[in-house]
Amino acid sequence: MPTNTVTLGKASPGKDMRVYAIGDVHGCRWEMGVILDLIEQDLSASPMGDHCIIFLGDYCDRGPDVCGVIDRLMGLRAQDERVVCLLGNHDDKLRKAHKVLDPRDFAMFLRYGGAATLASYGADARELQRLELQGDEKARKRVRDIVRDVVPKAHFEFIKNLPRSVEVGDYFFCHAGVDPDRKLHKQDGEDLIWIREPFLSHKKPLAKVVIHGHTRQTRVDVRDNRINVDTSCCYGGALSCVVLEKKKYRFLQVPARQQHWLAG
């Protein structure tokens, strides 16, 4: 357990620093564009000495335009090093699909949004549905080949090289959360993109306040030791961004559109 801890209300990203941390996008390019416009307006209305924009992972799966989301993120990163894109578990699944998946991972990849991802790159949705039902080694090799055929190498390299966490001042940013019994610099990489418990129910202060997504909510979940900004955008919920400055926090949001991109 950490000996030096900090809680929300006392945590700061640093002097003259403002952080914008954006929850799970999941292929919702339009909402991502709107939240970026809101950030630009916020910076214009209230200039800051320095700032950074952190995307908390899960650009892939479920939403309608994964290809467009990754294109936009790559462009942002190329233009401004203050834009940080972290790895999410759904992004990691696409990375792994570049190889032949085992039966369990294959089923999870297609069933939990991978088919929508590949369709956004131009793959035949009906063929993907058939391959999911088939599920044998031949089908798994065919999906591997589709991934290699339709996902541009630059997109794959972008995903492959995404970091799993970043720290700014008194805040620790990752996709899913942390193991509260491990020091932050000794976290397991899989926990950073997959963990739920015991992290979500942990009430004690941590070495830094954790900003994360991964576990979808209907509204932003604010606790003394963490903030969850995954507000179910791809299910028709809002896309949320927490703004951290001095010892305060506030939120920017693209309102829910009540459109459910994911079937099943």
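Parameters at a glance
Residues numbered from 1 in each chain as written. Predicted model: local features only at pLDDT ≥ 70, side-chain atom pairs only at ≥ 80, totals over all residues. Heavy atoms only, no water. Helix = DSSP H or I, 4+ residues; strand = E, 2+ residues; numbered from the N terminus. Rg over C-alpha atoms; globule rule 2.2 N^0.38 Å. Buried < 20%, exposed > 50% of the residue type's maximum accessible area, 1.4 Å probe, protein only. Contact = heavy atoms within 4.5 Å. Areas by Shrake-Rupley, 256 points an atom, 1.4 Å probe, with all protein chains shown as cover. Lys, Arg positive; Asp, Glu negative; His and termini not counted. Charge placed at Lys NZ, Arg CZ, Asp CG, Glu CD. Axes fitted to C-alpha atoms, helices over the stretch in contact; angles between N-to-C directions. Left-handed = near helix turned anticlockwise from the far one by under 90°. Nonpolar A, V, L, I, M, F, W, Y, C, P; charged D, E, K, R; others polar. Salt bridge = Lys/Arg side-chain N within 4 Å of Asp/Glu carboxyl O. Phe/Tyr/Trp six-rings, centres within 6.5 Å; stacked < 30°, edge-to-face > 60°. Lys NZ or Arg CZ within 6 Å of the ring centre and 35° of its normal.

Engineer: Would you take a moment to explain the overall build of the protein for this structure?
Structural biologist: The helix and strand tally for the protein stands at eight helices and ten strands. Relative to its length of 264 residues, the protein is compact, with a C-alpha radius of gyration of 18 Å against a globular reference of 18 Å. Each principal axis of the C-alpha distribution contributes one length, and for the protein these read about 55 × 40 × 30 Å. Looking at the 264 residues of the protein, the share that counts as buried comes to 53%. A separation of at least 24 residues holds for 68% of the contacts in the protein among residues at least 6 apart in sequence. When the accessible surface of the protein is totalled, it reaches about 12,400 Å², and 47% of it is carbon and sulfur. Put simply, the protein has 41 plus and 37 minus side-chain charges, and the middle of one group is 2 Å from the middle of the other.

Engineer: What is the right way to look at the packing of helix 5 (residues 125–134) against helix 6 (residues 137–150) in this model?
Structural biologist: Packed helix pairs are specified by the crossing angle of their axes together with the interaxial distance, meaning the distance between the axes. Their axes nearest at 8 Å, the elements helix 5 and helix 6 cross at an angle of 145 degrees. Handedness of the crossing formed by helix 5 with helix 6: left-handed. Packed against helix 5, whose contacting residues are Glu-127, Leu-128, Leu-131 and Gln-134, the element helix 6 presents Lys-138, Ala-139, Arg-142, Val-143 and Ile-146 at the interface. When the residues that make up the contact of helix 5 with helix 6 are grouped by side-chain class, the tally is five nonpolar, one polar and three charged.

Engineer: What exactly am I supposed to notice about the pattern of salt bridges here?
Structural biologist: In a structure, side chains of opposite charge can pair up when their charged atoms sit close to one another. Scanning the model with the defined rule gives 22 salt bridges in all. A salt bridge links Glu-132 to Arg-111; the shortest N-O distance between them is 3.6 Å. Remark: Arg-111 occurs in helix 4 (residues 103–120) and Glu-132 occurs in helix 5; sequence separation between them is 21 residues. By relative accessible area, Arg-111 is classed as partly exposed at 48%.

Engineer: Would you mind going over the packing of aromatic side chains with me for this structure?
Structural biologist: Working definition: an aromatic ring pair is given by the centre-to-centre distance plus the angle between the planes. Taken as a whole and assessed by the stated rule, the structure comprises three aromatic pairs. Ring geometry for Tyr-249 and Phe-251: centres 5.9 Å apart, planes at 70 degrees, overall edge-to-face. Among the residues examined, Phe-251 registers a relative accessible area of 32% and is labelled partly exposed. Across from the ring centre of Tyr-235, 3.9 Å away, lies the NZ or CZ of Arg-216, which sits over that ring.

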